[in-house]
Every structure is written in structure tokens, then in C-alpha cells.
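Chain by chain, the residues:
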Amino acid sequence: MAVGQHASPGEEFARCLRELSALVDTGVGWCGVFGQRDPEGMRAWFAGAELPPGDVLEALLQDLAARHGTAAAERAAVRARELHTAAAAAHDRRPGGREALVERLGAMRREQTYAAGRERELALRLREPSGGSDGQGLDVRLAWARDDYERATARCAELSARLAALDAPPPPPRERPPARPPAPGSWFRGEASVAAGAPEGPEAAAPTYPARPGPARPVREDTPGGRPGARGPAGSGRVTTPGRRPRGARYAGLDDDGSAASAVPAAPPARAAAPRGARYAGVEEPEAAAVTDTADLARDTRAVTGTVAVLVRLRAQGRTGEAHVLLCEAAGWPPARLPALAAALHRAGLGADWATLLWEVASLPPDRVAAVAGALGAAGLADDGRQLLRQGVARPAAEIAAALLALDGSGGREREVRALAEAFVHVRTPEDVAQAARTDPRRLSPLLLDTARRVSQSRYRAVVHALRVAGAAP
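Here the structure is a predicted model, which is why all the values come from computation and not from measurement. (Residues numbered from 1 in each chain as written. Predicted model: local features only at pLDDT ≥ 70, side-chain atom pairs only at ≥ 80, totals over all residues. Heavy atoms only, no water.)

A. Spatial organisation of empty space enclosed by the protein. Using the criterion set out here, one finds one cavity of 30 Å³ or more in the structure. Lining the largest cavity are Leu17, Trp30, Cys31, Phe34, Met42, Trp45, Phe46, Val56, Ala59, Leu60 and Asp63. Among the elements of the structure, helix 2 (29-37), helix 3 (39-47) and helix 4 (54-68) are those that each provide at least two residues to the lining of the largest cavity. With four residues, the single largest contributor to the lining of the largest cavity is helix 4. A per-class count over the lining of the largest cavity returns 10 nonpolar, no polar and one charged. (1 Å grid on protein atoms, 1.4 Å probe; cavity = no way out; pocket = protein on both sides within 12 Å on 5 of 7 lines; lining within 4 Å. Points joined across faces, edges and corners; volume = space filled by probe spheres on them. Helix = DSSP H or I, 4+ residues; strand = E, 2+ residues; numbered from the N terminus. Nonpolar A, V, L, I, M, F, W, Y, C, P; charged D, E, K, R; others polar.)

B. Molecular detail of the nonpolar core. Ranked by internal contacts, the top residues of the largest apolar core, which has 59 residues, are Leu341 and Leu448. Leu341 has contacts with Val304, Val308, Ala330, Trp333 and Leu357, leaving out every residue within four places of it along the chain. Of all hydrophobic cores here, the second largest spans 23 residues; its members include Trp45, Leu60, Leu64 and Leu83. (Core = buried A, V, L, I, M, F, W, Y, C linked by side-chain atoms within 4.5 Å. Buried < 20%, exposed > 50% of the residue type's maximum accessible area, 1.4 Å probe, protein only. Contact = heavy atoms within 4.5 Å.)

C. Representation of helix 19 (residues 457-470). In this model helix 19 runs 20 Å from its N-terminal to its C-terminal C-alpha over 14 residues, within 8% of the 20 Å that 1.5 Å per residue would give. Within two residues after helix 19, Gly471 carries a phi angle of roughly 70°, on the positive side. (Expected span 1.5 Å × (residues − 1).)

D. Representation of the environment of Arg390 in the model. Examined against the element boundaries, Arg390 turns out to sit in helix 14 (residues 382-392). A residue is classified by how much of its surface remains accessible, and Arg390, at 36% relative accessible area, is partly exposed. Between the C-alpha atom of Arg390 and that of Glu422, which follows or precedes it by 32 residues, the distance is 9.3 Å. When near neighbours in sequence (up to four residues on either side) are disregarded, Arg390 contacts Asp139, Ala423 and Val427.

So, in C-alpha cells, the structure goes:
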């Protein structure tokens, strides 16, 4: 690049992508998956020849979070997403960009249709009684087929949004605010003309302003002309305010008449604070707690009601892409809010959207998946929670291991650890379980062995053998 020449948005994003990939192991995690399934695409993305879809960037950020922590991934995500958006806009504005976008959208819709058919086929085979011998393999293949369908659906929504932004009319020019009127010339002159009838002397030099509206002051009858103040001693040039004690040595012997104290309004009585000290250690302010709970409930209700209303309208208008984007946003809600959303979606006849939402949640980090599954189970939606866990463990074994370690280390989340481990051991092969245990054999091997024993004796023996072969036996 020549000196002084700025990099294009596509080159800046490709450089950012290479910097992120240098922070993770590209042979494992989602990077490893994309490298195995689309190696040519990976090379083109890192070289800047092609722009990767948004879900690829999010998968790379998940790998970064698994290795360096969520805080580091969130810091990197802000700049990476901004560069990706700018690169997409610049890519689409090139000559022939719109035609390429339309062609890509058509190909992605065909891929979405194929993935949906593949998913239905595998689901039917899994329900057949004769498919029990390879049921475990079918379950994993079904999870990957559903992942392909969800990624194709998300990419269709992304391409449709880019096409809509390209076809949108430019915003109208902003109107300039009206110019300020010029200030009167007398404001900046050194002397002011004396108006007819205006007082002369020192008081004439002071500027006059219009009276400020406000409550009328009481008129004192003992002042000349009924003015609300009285002159001080002759020649002092001061005006004393009624009810205010004059200041200075000459007024040292003068007492207040009490009017000033009576003019001050009494402060409202303060509400008694909660008792303090060790003897009141368990006492809380119930009013504050009740107000907080009510506010949270009202906020959740507004969010659920508004989202379902918008989804109903979007589905009626056939705007599936925008509806999917809305479901993706809802997947990031607090876990405790999602059971109420499930009930509202089923009441509105949008049960299919709830299934789509579960798949979106399943693509989130595993600890988040376990938290949502726990909230669903606590709300009486245990089947949905188990389904979510089965979908969520269809990801690289190293990522599941990192999630189990993070949940186990945070404390107080034993139920989520147990649920995630059980789904992982039940769905994945014993070799995958052993690969996850190699991340930290001291902590993970006993946990996974206990989980396998609860699943079945045959699964326990298979996991024991896989751990010995992998050198991860406890």
C-alpha cells in the first residue's frame, strides 16, 4: 500500500479478522469447524477477497471468549462488528454489488431449503424404532443439520437487510437552524442613551430587565409608596429586605423580628431508615424490594407483549427476515423472562417461532444455554430445557469443556453443570467426552464419569474406556 493511502473497509476488516484469529487456536472450536467444512472460504475471508457472513464473526468471538474470557471478547466485538458493517456497506456499493447480493441471496435460500429437508429427513429417521442402533449418530447429524438451517436462515436475513439498505432512498438533507437575530447595537456600546424620564445618577447606569413572573410579594404598609423594602440609613444607598436581619457592626444590637424564621417552610419529615447494626443484620427495607420486583415485572411484561405484537404483524405481512432478527434479539434476554415469552408466543399461535428462538439460544455460549435451560425447567418447561441442552452441546468439545469449567468455578450453579454435562454425555460420542476431559482431567474426568454412570451402565463403560485411551482417566 502506498504511503498516505487509506485502507479500504474490506481490508480493515480482514486485518481485524486476522488479529482475532491470532488470539485463538484455529484448529479447534468454531474456527476448526469452519476450517474443515470450508477451507477455501476461510482463506478468502482472511485474505480480504470475500466478506464472511455475520455468524462466522460471532463464532470467532465465541472462540475468543472461550479462551480469553467474555470481557475480552466483548471489547473486541465492538470494533469487529463496526468494521464488518462498514465493509458490507462498501462491498454492496461497488459496481455490480447489488446483482452479486441478489445472486448470493438466491443461493442461500436454496441452501436453506436443502437444510430444512435434510433436517426433516433425519428427524423422521430418528423417530423410527429401527434406528436405535445408530441413534446417537443420527442425533448428532440432526443437530448439525439444524445448525446448517439456522445459519442459512440467519444469512438470508442478513443479506435481505443489506439489500433493503441498498435500495432505501437517501435521507432528506437536514434543515439548517434559523440564524440568530442580530443583537441590538446598544448592547455593545460603551454608553447608553438616557431615555426620557429615566432616573439619572448611579442607578441610571444599571441595565433594566423585564420583570420575571412569579408569586407576588406581600406589600409592607410601613414603607414609602408601598415598596416591598425600606431604605436603610440615609446616604447608605442600601435596601434592606423585609424579614432579613441587617448585617454589619452598626446593627450589632438589633434583634430579629422573627419574620425570617416564619417565612422558611418546614422540611418534610424524613422516612425512617431501616435499622442498622449487627442485631438487625437480616432486616431489609420491604418497600424498596417490593418496588424493585414490581418494576422488573412490569418491564418484562412490556417487553414480552410488545415483542409478540410486532411478531404477529411481521408474520402477517410476510416479513420473515425481520421476524427472525427480532427472535435473535429476544434470545439475548434475561433467562427468567423467556418462559413468559414462550407462553405468550403459544397463545398467539406462534409456536414455531418459539422453536426458532430455542435454536438461536442454542447457538449462544454453553453457560448461557445452561442458564436458560435451568430457567425453563424451573418454570415447568423441562422438555424445552432438555431439548435446548441437546441442541447446545452440538458444538466443539473444547467449548463444552470451557463452559463446564466456568460454571463449576463460579459456584452455586451445580444444577446447570449437571444438566449440561448430562446432555453432553448423552448426545456426544465417548471419544468426544474424552476429548473434553483432556482439557482439565483433574476436574472434568470425575464429573463426566459420574454423569455417564447416571445415563446408563453401557455409556459409563464406554466413557471409562475412552478416557483411558485418551490418557485422561482420573
